Amino acid sequence: MAVGLLSVSSGSQAQTAASFTPDTPFNIPDCNGTIYFAFNGSCAQARLENSTWVFSDLQLAYSTPVASLRVGTKNCNITITSFSVFLASQNAGAVHYNVTGPGIQTFNFGLSPAFGLNPKIRDLMVFLDSDPLTQNNDSGGQSAPEGSGWTLSEDGTITVTGAAAEAFIFYSDHSSQLIDSDLPFYQSHPVLMASLVLVAGVVLVGVAVKVKSTRPGGKP
Amino acid sequence: MSLVNEVTVAVIFVAILAAGVVAILKSTKDRTRRVSHLRFFIQIAAVFVVFMGLLIGPFNQPLWLPLGSSPRDHLIGAGFFGNEFPDGISLPILACYYPNGRTVTCAVWQIQAYIFPFWDYSVGYNVFYSTSGLEMLVIVFSSIIFASLLLGRFFCGWLCPFGLYMDLLTRVRKVFKKRHLSFSPKTNTALHQSRYVIIAIFLILSVIFGSYSIFGAELIPGTDPNTGHDVLHSGITSNINEPFCLVCPMRPLCILIECGIGSMNWSYVSQIVYGPFWITGFYVTSINLAILILVTILSLAYRRFWCRICPMGALTGLFSTFSPFKHVALTRLHKDEQKCTKCGICKRVCPTQATEMYDKKGGDVTESRCILCMRCVEMCPYGNALKAKFAGKTVMSSRNWLEDKV
């Protein structure tokens, strides 16, 4: 049976190793906001810190574990319906949530410091009140450009202000994936090199077989 | 899944595979069916390998995770190659990228996808590549060349899931005791030659749809990903950049399997998502379905119909049966002129109506139409007249039926 976390009224308080249900409210009284999760889940620790809920080792049903998540909401309630990491190697993930009431929501996924600073190493799409997968609504499933209903701060916090009913945030942090340009070519392109070596190898074997079969005395 | 688990699964699978092969070779008394039974078994095993991502994937996920990603995305493709090449191992078989969990990937999809540089965030599927499209194309073509030189169209005959589907249709036809139809030699040749036209058309279309990203100019309106913000344009830029996939008959099959085992939400297939562009669902187009139905009907009548026009088979054949590749291809058939009596059995049993085995006087037989199913070698009644060779070594040869009976 799930054990609901207690609502925290103010200051910095923590609950450790707790599970929660869709009925468990994560209140932020200072901001008049509450966070719910649509599924059962658990986390190693949840604490309210500077009007933001900080979840460690968050695990939602049907979702992959998330190392760290900071969620805040002001003047609205949100229900997080899905939150998963897609490719652990790419630090890619997505969160979808429903919103009740006009207000502000903030998310910080605990990515690299460069995520908020360097646009080249990040993919970030925010869909406001549109379904990016079905695209069967008026907005056509297009993500909103930065500044139109959402912003990204240098510490990697995404602040959504333009969601009336739902929002979907996709993020991907590639900072650890970039090839080090200082490395020699063969080290920085191992798959390419391996592919070419394989082709060269099979060609060499083929030539050897051909030569062996065509020389006098060889089997045809 | 930990490495230990993966190795354990692999060992168990290989053990079952080996046991199955031995059991078939021992139990099949009819020597004219032995290789066919073995091939059927290998085809089924190959389907399990290709779609391993489905079998061990996460099930019953909520709507927002139709494909999931973990643990399937940590299989061989994404996990082994990493970010340099995260789309899975390229193989010359029809194995749709999306449903199979990236265990392996259809090379035709990769070629189209990398021509259209969707690793550009603004137009893509949010997959980040640390390598250029040109480099990835080199990797894909290297993979195809390697596979083709190693096994040639053995992939078509023994490993391709769609080949298995057509063979199953042939078995269905046989249940009803209906004899297959055959194309005239002229028509058959034209069909086989059309493969190269088909793949050329689709590659050109890929370039056209990716023109803005490649050349910085739209060859047709609506392909500029930076301005395509309405439904129609988003459809073109995000869904037609792999044009062959929109007509591929394998795609609906993959998706039916995926929905059938609960790994994909059926609503993703059934709902209309791209408005007026003939799209019936997120993954399947009405063209896909129509071609699947057409190919199914034709494959019931004609053996291995799709193999005659398959662009993937064209690529494999190109890199294994044409000069200079054919000189170094390791898997090949061989005919002994002295022992052949021109009985014509090899020609009649060939599922793709390849004729070189019959027509050629002797020596190595390298014909792009041949899918290396070995049926001709299996059925040839003259001992050692036909041989299948790998790296110069005979792995199978025709048997003298009269001696067998003695």
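Treat the numbers as computed from the prediction; the structure is a model and nothing was measured. (Residues numbered from 1 in each chain as written. Chains lettered and ligands numbered in written order. Predicted model: local features only at pLDDT ≥ 70, side-chain atom pairs only at ≥ 80, totals over all residues. Heavy atoms only, no water.)

### Observations concerning the overall build of chain A
So, step 1. Regarding its fold elements, chain A presents 2 helices and 13 strands.
So, step 2. Expressed as a percentage of the 220 residues in chain A, the buried residues total 44%.
So, step 3. Counting only contacts in chain A whose residues sit at least 6 apart along the sequence, the fraction spanning at least 24 positions is 50%.
So, step 4. When the accessible surface of chain A is split by element, carbon and sulfur atoms take 56% of a total near 10,200 Å². (Helix = DSSP H or I, 4+ residues; strand = E, 2+ residues; numbered from the N terminus. Buried < 20%, exposed > 50% of the residue type's maximum accessible area, 1.4 Å probe, protein only. Contact = heavy atoms within 4.5 Å. Areas by Shrake-Rupley, 256 points an atom, 1.4 Å probe, with all protein chains shown as cover.)

### Section: a nonpolar patch on the surface
So, step 1. Taken together, the side chains of V172, V175, F176 and L300 of chain B define a hydrophobic patch exposed on the protein surface, amounting to about 380 Å² of accessible area.
So, step 2. Here V175 of chain B is to be found in helix α8 (residues 161–175). (Patch = residues over 30% accessible without salt bridge, like charges linked within 9 Å, V, L, I, M, F, W, Y side chains within 5 Å. Salt bridge = Lys/Arg side-chain N within 4 Å of Asp/Glu carboxyl O.)

### Re the packing of aromatic side chains
So, step 1. A complete count under the given rule lists 22 aromatic pairs over all chains for this structure.
So, step 2. Taking 5.7 Å as the distance between ring centres and 85° as the angle between the ring planes, the aromatic pair formed by F26 of chain A and F37 of chain A counts as edge-to-face. Here F37 of chain A lies in strand β3 (residues 33–37) and F26 of chain A lies in strand β2 (residues 26–28), a separation of 11 residues in the sequence. For the pair F26 of chain A and F37 of chain A, a shared accessibility class is recorded, and that class is buried.
So, step 3. Note on F127 of chain A and F168 of chain A: the rings are 5.8 Å apart at their centroids and 55° apart in plane angle, and the pair reads as tilted. Of this pair, F127 of chain A sits in strand β10 (residues 122–128) while F168 of chain A sits in strand β13 (residues 166–173), and the two are 41 residues apart along the sequence.
So, step 4. Of the aromatic side chains, those joined through ring pairs into one cluster are F20, F26, F37, W53 and F55 of chain A.
So, step 5. If you follow R171 of chain B out to its NZ or CZ, it ends over the ring of F40 of chain B, 3.9 Å from the centre. (Phe/Tyr/Trp six-rings, centres within 6.5 Å; stacked < 30°, edge-to-face > 60°. Lys NZ or Arg CZ within 6 Å of the ring centre and 35° of its normal.)

### Let's talk about the sheet that holds strand β4 (residues 363–365) of chain B
What links the strands of a sheet is backbone hydrogen bonding, and the strands pair in either a parallel or an antiparallel sense.
Residues and elements named next belong to chain B.
So, step 1. Taking strand neighbours across the sheet as the criterion, the 4 strands line up as β4-β3-β5-β6 in an open arrangement whose pairing is antiparallel. If you trace the sheet from one side to the other, it starts and ends with β4 and β6 (393–397), each paired once. Strand-to-strand twist of the sheet, defined as the mean angle between neighbouring strand axes without regard to direction, takes the value 40°.
So, step 2. Relative to β6, strand β5 (residues 386–390) runs antiparallel, the two sharing 4 bridges. Its bridge partner lying in β6, K387 is registered against S397. (Pairing = 2+ DSSP bridges. Axes fitted to C-alpha atoms, helices over the stretch in contact; angles between N-to-C directions.)

### Topic: the side chain of T366 of chain B
Residue and element names in this part refer to chain B.
So, step 1. The topology assignment puts T366 in the loop between β4 and α19 (375–379).
So, step 2. Judged by its relative accessible area of 15%, T366 is buried.
So, step 3. Apart from the residues lying within four places of it in its own chain, the contact partners of T366 are T321, K326 and E356.

### So, unusual backbone geometry
So, step 1. Residue P324 of chain B is reached from S323 of chain B by a cis peptide bond, and omega for that bond is 0°.
So, step 2. Along the polypeptide, P324 of chain B turns up in the loop between α16 (311–321) and β3 (331–335).
So, step 3. Look at N32 of chain A: it is not a glycine, yet its phi comes out positive at around 60°.
So, step 4. Note that N32 of chain A resides in the loop between β2 and β3.
So, step 5. Here S51 of chain A, not a glycine, exhibits a phi torsion of approximately 60°, which is positive.
So, step 6. Structurally, the position occupied by S51 of chain A is in the loop between β4 (41–49) and β5 (52–60).

### Focus: the environment of E49 of chain A
So, step 1. Along the polypeptide, E49 of chain A turns up in strand β4.
So, step 2. If we ignore the near neighbours within four places in the chain, the residues touching E49 of chain A are V54 and R70 of chain A.

### Observations concerning the confidence of the model for chain B
All names here are of chain B.
So, step 1. Here chain B averages 79 in pLDDT, while 71% of its residues score no lower than 70.
So, step 2. Scored below 50 in pLDDT, residues 57–76 makes 75 contacts in the model with residues more than four places away or belonging to other chains.
So, step 3. Taken together, the stretch residues 119–127 has pLDDT below 50 and engages in 32 contacts with residues farther than four places along the chain or on a different chain.
So, step 4. Both scores are given for the predicted complex: the pTM is 0.74, the ipTM 0.81. (pLDDT = per-residue confidence, 0-100.)

### Looking at the pattern of salt bridges
So, step 1. This model, assessed by the stated rule, comprises 8 salt bridges over all chains.
So, step 2. Here E378 of chain B ties to R375 of chain B by a salt bridge, and the two come within 2.7 Å at their closest N and O atoms. Taken together, the residues span about one helical turn, with E378 of chain B and R375 of chain B both in helix α19 at a distance of 3 residues. Accessibility classification places E378 of chain B together with R375 of chain B in one group, the buried group.
So, step 3. A network of salt bridges, in which partner residues are shared, links R47, E49 and R70 of chain A.

### Some remarks on the pairing of β3 of chain B
All names here are of chain B.
So, step 1. For β3, the buried fraction is high: 5 of the 5 residues fall into the buried class.
So, step 2. Side chains T331, L333 and K335 of β3 all project onto a buried face; the interleaved residues R332 and H334 project onto the opposite face, where all are buried too.
So, step 3. The pairing of β3 with β5 spans 5 bridges and is classified as antiparallel. Bridging across to β5, L333 finds its partner in A388.
So, step 4. Sheet topology note: the β3/β4 ladder contains 3 bridges and is antiparallel.

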